[in-house]
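# Structural characterization, general
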Amino acid sequence: MCGIAAVFSSRNPVSTEVLRKATVSLKHRGPDNQNVWSDPEGLAGMAHARLSLLDLSSDGDQPLSWKEERLKLIHNGEFYDFERIKKELENKGHLFRTASDSEILLPLYEEFGTGALQELRGEFAFVLWDRNNRQVFAARDRFGIKPLFYAIH
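Residues numbered from 1 in each chain as written. Predicted model: local features only at pLDDT ≥ 70, side-chain atom pairs only at ≥ 80, totals over all residues. Heavy atoms only, no water.

### A word on the overall build of the protein chain
- A tally of helices and strands in the protein chain yields three helices and seven strands.
- Secondary structure of the protein chain in N-to-C order comes out as β-α-β-β-β-β-α-α-β-β.
- Looking at the protein chain as a whole, 46% of its 153 residues qualify as buried.
- Intrachain contacts of the protein chain at a sequence separation of at least 6 include 53% that bridge at least 24 residues.
- For the protein chain, the accessible surface area stands at approximately 8,500 Å², while carbon and sulfur atoms represent 50% of it. (Helix = DSSP H or I, 4+ residues; strand = E, 2+ residues; numbered from the N terminus. Buried < 20%, exposed > 50% of the residue type's maximum accessible area, 1.4 Å probe, protein only. Contact = heavy atoms within 4.5 Å. Areas by Shrake-Rupley, 256 points an atom, 1.4 Å probe, with all protein chains shown as cover.)

### Some thoughts on the pattern of salt bridges
- Taken as a whole and assessed by the stated rule, the structure comprises nine salt bridges.
- Bridged by salt links that share partners, the residues K67, R70, E110 and D130 form one connected network. (Salt bridge = Lys/Arg side-chain N within 4 Å of Asp/Glu carboxyl O.)

### Examining the nonpolar core
- Counting 22 residues, the largest nonpolar core has F79, I104, L105, L120, F126 and L128 as the members making the most contacts within it.
- Residue assignment for this core shows that the elements contributing at least two residues are β4 (64–66), β5 (71–79), α2 (82–91), α3 (105–112), β6 (122–130) and β7 (135–140).
- By residue number, the principal contributor to this core is α3, which donates four residues.
- The contacts of L120, once residues within four sequence positions are left out, are F79, I104, L105, L108, F126 and R142. (Core = buried A, V, L, I, M, F, W, Y, C linked by side-chain atoms within 4.5 Å.)

### Digging into helix α1 (residues 16–26)
- Three or more residues of α1 are buried, namely L19, A22, T23 and L26. Down the axis of α1, the buried set is contained in an arc of 95°. They therefore lie on one face. Facing away from the buried side of α1, by more than 90 degrees, are the exposed residues K21 and V24.
- Close packing links the buried residues of α1 with β1 (3–8), β2 (33–38) and β3 (44–50). (Arc of directions from axis to C-beta.)

### Here's the deal with the packing of aromatic side chains
- Going through the model one piece at a time under the given rule, you end up with six aromatic pairs.
- Members of the aromatic cluster, each reached through a chain of ring pairs, are F79, Y109, F124, F126 and F137. (Phe/Tyr/Trp six-rings, centres within 6.5 Å; stacked < 30°, edge-to-face > 60°.)

### Observations regarding α3
- Buried within α3 are the following residues: L105, L106, P107, L108 and Y109.
- Considering only its buried residues, α3 is in contact with β4, β5, α2, β6 and β7.

### A word on the pairing of β3
- Most of β3 sits out of view: seven of its seven residues are buried.
- Side-chain alternation along β3 places A44, M46, H48 and R50 on one buried face and G45, A47 and A49 on a second face that is also buried.
- Pairing of β1 with β3 involves six bridges; the strand directions are antiparallel. Residue pairing across strands places G3 opposite A49, the latter belonging to β3.
- Judged from the six bridges that link them, β2 and β3 form a sheet pairing that is antiparallel. Bridge pairing links N35 to H48 in β3.
- In this structure, the hairpin formed by β2 and β3 is closed by a connection of five residues, where G42 is found at a positive phi of approximately 80°. (Pairing = 2+ DSSP bridges.)

### With respect to the sheet that holds β4
- Strand order in the open sheet formed by four strands is β4-β5-β6-β7, and the pairing between neighbours is antiparallel. The open sheet has two free edges, formed respectively by β4 and β7, since each of these has just one partner strand. Within the sheet, the average angular offset between the axes of one strand and its neighbour, ignoring direction, is 20°.
- Bridge analysis of β5 against β6 gives nine bridges, and the strand direction is antiparallel. In the strand pairing of β6, K72 is matched with W129. (Axes fitted to C-alpha atoms, helices over the stretch in contact; angles between N-to-C directions.)

Here you go:
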């Protein structure tokens, strides 16, 4: 039942303190670990409060990174049938660093862009930051089982 929070700004640097406060407020959703990440350019920041279910080791801590920090991901929930998807991606040459189901979204996004959503089934909410394209991709499962709220100011 993890908790996720993300802040993006094209004008002012994202405040690490705001992200830390977010993890404190989300600790009840993820008591096992809380992490904060800020983009070096100050454009993006992510906070994750983790409840360990599938990957109990620390290598599933989030935000997850991909391709020299080009992509960052925070995820709450579960991707169904991730083992099959992971195997298909490994057969295409993708290498995984964790046993976390969350990590499959990163190479799926690399392959399909926002079309990666069509490959996913489960109960989930996620936010992905694509540094090269300065693009935010956020989505939730089709039935809205996992919450995803956003605001534009």
